[in-house]
Amino acid sequence: MSSALTDLFTYPIVQAPMAGGVSVPQLAAAVSEAGGLGFLAAGYKTADGMYQEIKQLRSLTGRPFGVNLFMPQPEYAESGAVEVYAHQLAGEAAWYETELGDPDSGRDDGYDAKLAVLLDNPVPAVSFHFGVPSRDALDSLRRAGTVTLVTATTAEEALAVERAGADAVIAQGVEAGGHQGAHRDIQENDRSGMGLLSLIAQVRETVSIPIVAAGGIMRGSQIAAARAAGASAAQLGTAFLATPESGANALHKQALTNPLFARTELTRAFSGRPARGLVNRFLREHGPYAPAAYPEVHHLTLPLRRAAAKAGDAQGMALWAGQGHRMARDLPAGQLVEVLAAEAEAATTALSQGGAR
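Rules and cut-offs
Residues numbered from 1 in each chain as written. Predicted model: local features only at pLDDT ≥ 70, side-chain atom pairs only at ≥ 80, totals over all residues. Heavy atoms only, no water. Axes fitted to C-alpha atoms, helices over the stretch in contact; angles between N-to-C directions. Helix = DSSP H or I, 4+ residues; strand = E, 2+ residues; numbered from the N terminus. Parallel < 35°, antiparallel > 145°, perpendicular 65-115°, else oblique. Left-handed = near helix turned anticlockwise from the far one by under 90°. Contact = heavy atoms within 4.5 Å. Nonpolar A, V, L, I, M, F, W, Y, C, P; charged D, E, K, R; others polar. Buried < 20%, exposed > 50% of the residue type's maximum accessible area, 1.4 Å probe, protein only. Pairing = 2+ DSSP bridges. Right-handed = clockwise from strand over helix to strand, strands pointing away.

Moving on: the packing of helix 3 (residues 47-60) against helix 6 (residues 111-120). Between helix 3 and helix 6, whose axes approach to 9 Å, the crossing angle comes to 30 degrees. Between helix 3 and helix 6, the angle is such that the two are roughly parallel. For the pair helix 3 and helix 6, the crossing hand works out as right-handed. On helix 6, the residues touching A47, M50, Y51 and I54 of helix 3 are A113, K114, V117 and L118. In the contact of helix 3 with helix 6, the residues fall into seven nonpolar, no polar and one charged.

Now for the pairing of strand 2 (residues 38-41). Neither face of strand 2 is left uncovered, since the one carrying G38 and L40 and the one carrying F39 and A41 both have all their residues buried. The pairing of strand 2 with strand 3 (residues 65-70) spans four bridges and is classified as parallel. Looking at strand 3, one finds that L40 is bridged to V67. Regarding the hand of the β-α-β motif, the stretch spanning strand 2, helix 3 and strand 3 is right-handed.

Glancing now at the sheet that holds strand 5 (residues 147-152). Within the open sheet, the eight strands sit side by side as 1-9-8-6-5-4-3-2. Their pairing is parallel. Since the sheet does not close on itself, it has two edges, and those belong to strand 1 (13-15) and strand 2, each with one partner. Direction aside, the axes of adjacent strands within the sheet are offset by 25 degrees on average. Of the strand pairs in this sheet, strand 3 and strand 4 (residues 125-129) are connected by five bridges, and their pairing is parallel. Pairing of V67 across the sheet is with V126, part of strand 4. The strands that helix 9 (residues 196-204) touches are strand 5, strand 6 (168-172) and strand 8 (211-214); relative to strand 8, the one it contacts most, it runs at about 165 degrees.

Read across the open sheet, the three strands follow the order 7-11-10; overall the sheet is antiparallel. Two strands close off the open sheet at either side, each with one partner strand: strand 7 (178-179) and strand 10 (264-267). Relative to strand 11 (residues 275-278), strand 7 is paired through two bridges, and the arrangement is antiparallel. Note on strand 11: the bridge partner recorded for G178 is R276.

Just distances and angles here, no functional claims.
Next comes the structure, spelled out in structure tokens:
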């Protein structure tokens, strides 16, 4: 187990970086102050917006924290499919009295500018989603004193992460809420995602760098199970989404335990990339027809999602959530870290004594 990673936290609990305004500085600070590792999500922000949030977070805590970047995406060739989807969404735009977004609003998420900021103003940890950074980028961050982590959804992707020189790999199971971090978006693989425990085992036999387990984890006993399977720590998103410090819309928080939203599905409906969310009207009606076009579809539907939230209509929002969403607890983030740590310790003790509870 690499001390570079474990020196970042007291408890092996990482708060997932949830883009779209959920992982705000207050949430990351509360998690880090309690002994976990809080994360900011730089996705969908400008480089300056990211920098301002880092400054705010540093004013709230002196403990380690991380920042997550989205990797630039390759050009999407089938613009006709996006146009067809836009035509299908015309009724949504009329209903919410808004315009559809411009699908050509940018593909790189300001990656180079954000990386430059993080090299000029180093943070303790940086993670990457949707691909593997160059060795030069990872080496530069390491020289700046930053621990690097990259998401992988298969053992083959984890090997690519190790070969690129990252300090750790985030093994993301199919149970995870929000976007799957596959390195290549291949539509034929939409129904072939791997469960977390199987993924940890395969990744552990493939790479030697530390593993952070992600996907549907809501209880300390699951953290203990992931660590017993070979992970050094666990990353939790949905568990922290419901906390008071989370920047998630109140409707989103309430939906996690609302019986009306009984299950989750992977869908391309909102962004054009597979992402797990609570099944609502928009997902049911448009998911089967959404093209594999990220971030074009994300830009296209953004005004619809904002209008739905403004109207208080959860049926038109992207309600990202992992498979364990019904187990969400309305606790302050710092208290949740403490509860999870105590549960994990109890479960580990039970396992070492030959039983479980």
